[in-house]
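Coordinate analysis (summary)
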Amino acid sequence: MNRALRSASFALLALLGAALPGLGLSQEAVRQADGKQTGREALVLVSTIDGAIGPATARQIADAIETSTARQADALVLRIDTPGGLVTSTRDIVSDILASDVPVAGYVWPGGGHAASAGTYIIYATGIAAMAPGTNIGAATPVQMSGGAMPGSPQKQPESDTGGKEGEGSPPSNEQALSNKATNDAVALIVSLAETHGRNAEWAEAAVRDGESIGAKEALDIGAVEILATDLDDLLAQMDGREVLANGRPVKLETANALIEHLEPGFMIDLLALISNPNVAFLLMMIGIYGIIFELSNPGSFGPGILGAICLLLGLYALNQLPLDYAGAALIIFGLVLMAVEAFTPTFGVAGFGGLVAFIFGAVILVDSDSPEFQLSWWTIGITALASAALLIFLIGYTWRAMRKPVATGAEEMQGAEARVLEWANGEGYVHVHGERWHARGPAELAPQSTVRIERMDGLTLIVG
């Protein structure tokens with residue numbers, strides 16, 4: 001009887017929580033209360049982020065949050081060890097974390113790992129920020145790949161013609177203005193995250209403007225993180241009882257002795273992680289293009305065309321996930337078109353090597369990212385360029401050798417060839433040449449089985465002598 005009354009009470013409590021949100025009875029509170037009464041074991045899901053932050057990482061964290069919500073987990077722990085990554089992916093991850101109904105904890109792990117650059121923003125976005133001993137966090141300055149100074153760093157003032165420095169009112173260069181814009185945007189984001197979770201905003205700004213990086217103990221001392229934990233069990237024990245924000249709502253964590261489950265990335269995330277490497281995506285695209293060119297030059301082979309189409313589609317999908325410079329993509333396409341023209345209509349290298357130059361310049365600027373992890377490797381560019389150059393040299397050599405060969409067909413090839421007379425009368429008859437029977441005209445004294453030489457062709461009649 002008591003059990004039935006308790007169940008009815010909780011059902012009524014759930015209805016009141018859904019119908020009267022003004023009473024403060026959130027669904028999360030009802031679920032936690034029901035969990036206490038029924039002896040439900042707390043559940044914490046763990047997702048490990050290792051490597052550069054990119055589209056695959058954003059998909060992995062989004063899936064982890066969705067799974068945590070569906071399974072009504074008490075918390076989601078993101079174990080992070082990253083050198084940084086793409087700004088767009090980082091923004092997506094931060095938005096997903098802030099919108100999560102399940103409390104998210106960021107844990108820099110293992111010892112010797114770090115949450116640099118993009119990782120710092122992700123840690124600051126989580127409701128609980130924790131680090132393992134021997135880890136570090138920071139160095140969140142946007143990187144300038146063009147060789148200019150780091151955003152936010154002191155800039156050398158140009159000197160005037162008189163040797164003095166320009167006044168403070170002189171306008172900044174376009175490069176400096178862009179650097180300041182990117183830096184200020186990044187500072188605004190991380191300071192906002194720090195204020196949301198009550199963390200050290202002053203150090204966060206310094207991490208962006210000056211590239212500062214600190215260890216785990218110092219991060220705890222200055223309030224950049226809340227917990228210094230040796231392992232997951234230690235982390236969950238220290239998290240227990242803390243109140244954090246989840247989607248703007250305060251939630252009290254109950255994670256002591258919680259059941260821990262690790263979320264492994266699915267096949268599609270692993271595949272996306274592999275092909276979203278710009279070097280892999282670039283090679284897939286090249287294999288695809290050359291496979292299609294080979295198919296067009298040898299119709300009916302099917303194999304190269306099918307393989308090329310698959311690789312090309314995978315490469316284009318992967319490149320679509322990355323921040324592309326469309327001028328670079330256009331140069332690559334233009335270069336490949338010129339090389340294809342060389343293959344089908346030989347120009348003795350003019351189109352081919354012009355296309356190779358356009359291809360190399362396009363590959364260099366193809367991926368528009370400040371993160372070195374998402375830049376095309378010079379080895380990849382060099383190998384593909386050498387392979388393309390070798391193919392061009394082969395095509396040019398083949399064309400040159402073909403032009404120097406004796407004519408093997410047509411009237412020119414017949415001129416000067418020897419023929420054997422088969423039938424002859426009154427200055428005309430039939431001769432045998434190249435395994436064929438031809439009508440011929442010539443001297444009247446010729447006789448069957450005699451050998452003659454072809455002088456020229458008159459339509460389909462051979463003139464012999």
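Structure: see above.
Residues numbered from 1 in each chain as written. Predicted model: local features only at pLDDT ≥ 70, side-chain atom pairs only at ≥ 80, totals over all residues. Heavy atoms only, no water.

One ladder, built from six bridges, connects strand β13 (residues 428-433) with strand β14 (residues 436-441); its direction is antiparallel. Bridging across to β14, Val 433 finds its partner in Glu 436. Connecting β13 to the antiparallel partner β14 that follows it, the hairpin turn spans two residues, and His 434 within it adopts a positive phi of roughly 55°. With three bridges connecting them, β14 and strand β16 (residues 461-464) associate as parallel partners. Paired with Arg 441 across the bridge in β16 is Ile 463. (Pairing = 2+ DSSP bridges. Helix = DSSP H or I, 4+ residues; strand = E, 2+ residues; numbered from the N terminus.)

Let's shift gears to unusual backbone geometry. Residue Trp 109 is joined to Pro 110 through a cis peptide bond whose omega torsion reads 0°. Its location among the elements puts Pro 110 in the loop between β3 (104-108) and β4 (114-116). Not every positive phi belongs to a glycine, and Ser 117 is a case in point at roughly 50°. Note that Ser 117 resides in the loop between β4 and α5 (118-125). You will see that Asn 257, though not glycine, has its phi angle at about 60°, which is positive. Counting through the fold element by element, Asn 257 comes out in the loop between β10 (249-252) and β11 (259-262).

Two elements in contact, helix α6 (residues 174-197) and helix α7 (residues 201-209), have axes separated by 9 Å at closest approach and are oriented at 155°. If you check the angle between α6 and α7, you find them roughly antiparallel. Crossing hand, α6 versus α7: right-handed. For the pair α6 and α7, contact is made by Thr 183, Asn 184, Ala 186, Val 187, Ile 190, Val 191 and Ala 194 and by Ala 201, Ala 204, Glu 205, Val 208 and Arg 209, respectively. In terms of residue class, the contact of α6 with α7 is built from eight nonpolar, two polar and two charged. (Axes fitted to C-alpha atoms, helices over the stretch in contact; angles between N-to-C directions. Parallel < 35°, antiparallel > 145°, perpendicular 65-115°, else oblique. Left-handed = near helix turned anticlockwise from the far one by under 90°. Contact = heavy atoms within 4.5 Å. Nonpolar A, V, L, I, M, F, W, Y, C, P; charged D, E, K, R; others polar.)

Of note, Ile 227 is situated in strand β8 (residues 227-228). Ile 227 sits 10 residues away from Lys 217 along the chain, and the two C-alpha atoms are 9.5 Å apart.

Bringing the pairing of β3 into the picture now. Of all five residues that make up β3, five are buried, and the element is covered over most of its length. Burial along β3 is two-sided: Val 104, Gly 106 and Val 108 and Ala 105 and Tyr 107, pointing in opposite directions, are all buried. The pairing of strand β2 (residues 75-81) with β3 spans five bridges and is parallel. Each residue of the ladder has a partner; that of Arg 79, found in β3, is Tyr 107. Once the chain exits β2 it traverses helix α4 (residues 87-98) before rejoining the sheet at β3, and the crossover so formed is right-handed. Where β3 and strand β5 (residues 128-131) come together, four bridges link them in parallel fashion. When the bridges of β5 are listed, Val 108 appears paired with Met 131. (Buried < 20%, exposed > 50% of the residue type's maximum accessible area, 1.4 Å probe, protein only. Right-handed = clockwise from strand over helix to strand, strands pointing away.)

Enumeration over the complete set of coordinates arrives at two aromatic pairs. Note that Arg 79 overlies the ring of Trp 109, its terminal NZ or CZ placed 3.9 Å from the centroid. The cationic tip of Arg 437 hangs over the ring face of Tyr 430; the distance from NZ or CZ to the ring centre is 4.3 Å. (Phe/Tyr/Trp six-rings, centres within 6.5 Å; stacked < 30°, edge-to-face > 60°. Lys NZ or Arg CZ within 6 Å of the ring centre and 35° of its normal.)

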